[in-house]
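Coordinate inspection notes
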Amino acid sequence: MGRYISPEIYNKYKQQVLEMSLAVQNYVGIEQQRDESCLTDTEIAGKIGLNTAQVREIRTIAFNDLHPADMWLASDEEKRRKCQRYFSKK
Amino acid sequence: MSSSPEEKIKKLGRKLGADLVGIASVEDINKYAPEGHRPDDMLMGARSVIVYAGQLTPKGAWHSRNYLFHHANRSFGIEYRNRIAFDVAHYIEDKYGYYAAVASGGNLSAKLCAEMAGMGTRSLAAGIVLNRDWGLLNFGVTLTTMPLRADGMLDEQVCPHPSCVKRWEKEGTTFCLDACPECLSGEIENGKIKWMRYNRHICATRAQTRSINSFQRTLLEAMNEPDPEKRKSIIMGTFFGSVVNTVSTANSMGQCGECLRGCPIVVRSRTLKPKWKPGDE
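What you are looking at is a predicted structure, and each value in this text was computed from that prediction instead of being measured.

A few points about the overall build of chain B
Counting secondary structure elements, chain B contains 13 helices and nine strands. By principal-axis analysis of the C-alpha atoms, chain B measures approximately 70 × 55 × 45 Å. Per-residue burial over chain B gives 43% buried out of 281 residues. A fraction of 71% describes how many contacts in chain B between residues 6 or more apart in sequence connect residues 24 or more apart.

As C-alpha cells, this is what we get:
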C-alpha cells in the first residue's frame, strides 16, 4: 500500500484544500490571484498545518471525489448539446 | 551573414514542426511562478525557457457536428510537441555546451512560460493563452542554462476580441461565457478583462471526460455497487470501455473546446481559404 491519508484528516480538510488549490482560479485582469486560492501544496500545507505530502494526497483524492461519477458521463451529453447548439445557430 | 543563437534555435524549432517559437527568461517567469514550480527548481541554474507552440489540431476538426470527431483530432499533440522540445534540448547541449532538458509534466506552467515568451495572453476562456493569429495553441517547453535574449510579454492583450467587447456591451456576455457558464465567469470593462473565474474542477469532467480521473471515479463507483448485475453494467459498458481505451493509449487531452468553438480569435485562426480549385494545375 502506498501513501494513505486517514478518513478523519481527509474529511476535515478536503473542502479547505480544494478551495485553496487550482480547482478554482480567480484572476484580476489577466493576472492569477494567489492570495486565497491557486496555491501550491506546500503553501496550503503551511496555512493549514499539514505537511506537503498530506495536502497532495487530500487534493488528489478530493478533486476526483468532488463530483459524482455520473458527472463524467453527463459531460458527454453536455458537450454534444453545446456542439449542436453552435451549429444550429450558424 | 551568421544568425544569432536565438535565431538558430527558433529556426530549428520551426523546422521540427512548431508554428511559433518564443524565448522567456527564467527571471521573468520566477516573478509569477511559486517556489517549487520554477524552471530552476527543475533544472539547476536554468536561465532561459524555449516555448514551442503549434496549432496541432487540423482545422477540419472544428468543422464537424460530431464533437467526438473533434476531440479525436485534438489528441495527438503531447508526444509531438515534447519531441520538438527534446530535439532542441540536444541541439543546445551539442552545439553550445549548456545544459538543457524538457519540461514535461505538471510542475511548470507552460501557459506562464508561453505568456512570458510573448506567444499570447490569457483569455476569458479558462485563462487559456490565445494567440492573435494562431488562436488556441499547444505548448512544448525546453529549459536551458544558456542565457538567451528573451522575447518578453506582449504589450497588448489578445482577448477580448473587439466583437466580444461589442457583444458584452450589448448583451453582457461573450461567446465563451455564454457557452460554458458552469466553468467560466468574468467581466469586461473598458475593452479589457476586468476579472475572471475558472472552475477547473467542473471543466476537468468535460476536458478530461475519459481520463485517469474518470477511470478512478468510475472504478470506485463499480466497487461500491452492491448489485453484481449493475456492477457488470458499469465495468463492461460503453463508457468505462472508452475510458479504459483512452487511458491505455494516453489520449486524454483535448476532449472539450466548447468555450472556444465560437471564439472569434479561434474562428479566424481555423478558417481556411482554398488555394486551389478544380481546373488549376
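What to know about the overall build of chain A
On a plain count of helices and strands, chain A comes out with four helices and two strands. The N-to-C order of helical and strand elements in chain A reads α-β-β-α-α-α. Summarising its shape, the C-alpha atoms of chain A cover approximately 55 × 40 × 20 Å along the three principal directions. A burial count over chain A gives 31% of its 90 residues as buried. Considering only contacts in chain A between residues 6 or more positions apart, those separated by 24 or more positions represent 51%.

Focus on the packing of helix 1 (residues 7-20) of chain A against helix 3 (residues 52-65) of chain A
Residues and elements named next belong to chain A. Viewed as axis vectors pointing N to C, helix 1 and helix 3 meet at an angle of 80°, and their least axial separation amounts to 9 Å. It follows that helix 1 is roughly perpendicular to helix 3 by the angle criterion. Touching I9, Y10, Y13, K14, V17 and L18 of helix 1 are Q54, V55, I58, R59, I61, A62 and F63, all from helix 3.

Quick word on the sheet that holds strand 3 (residues 100-102) of chain B
Residues and elements named next belong to chain B. Taken in spatial order, the four strands of this open sheet run 1-2-7-3, and their pairing is antiparallel. Every interior strand has two partners, whereas the edge strands, strand 1 (20-25) and strand 3, have only one. This sheet shows a mean twist of 25° between the axes of neighbouring strands, independent of strand direction. Bridge analysis of strand 3 against strand 7 (residues 138-144) gives three bridges, and the strand direction is antiparallel. Note on strand 7: the bridge partner recorded for A100 is T144. Strands strand 1 and strand 2 (48-54) of the sheet are contacted by helix 1 (residues 5-15), whose axis makes an angle of about 140° with strand 1.

Here we look at the pairing of strand 2 of chain B
Residues and elements named next belong to chain B. For strand 2, the buried fraction is high: seven of the seven residues fall into the buried class. Of the two faces of strand 2, both are covered, the one formed by S48, I50, Y52 and G54 as well as the one formed by V49, V51 and A53. In the sheet, strand 1 pairs with strand 2 via six bridges, with the strands oriented antiparallel. Note on strand 2: the bridge partner recorded for I23 is I50.

Cut-offs applied
Residues numbered from 1 in each chain as written. Chains lettered and ligands numbered in written order. Predicted model: local features only at pLDDT ≥ 70, side-chain atom pairs only at ≥ 80, totals over all residues. Helix = DSSP H or I, 4+ residues; strand = E, 2+ residues; numbered from the N terminus. Buried ≥ 20, exposed ≤ 12 C-beta atoms within 10 Å, placed from the backbone. Contact = placed C-beta atoms within 7 Å. Axes fitted to C-alpha atoms, helices over the stretch in contact; angles between N-to-C directions. Parallel < 35°, antiparallel > 145°, perpendicular 65-115°, else oblique. Pairing = 2+ DSSP bridges.

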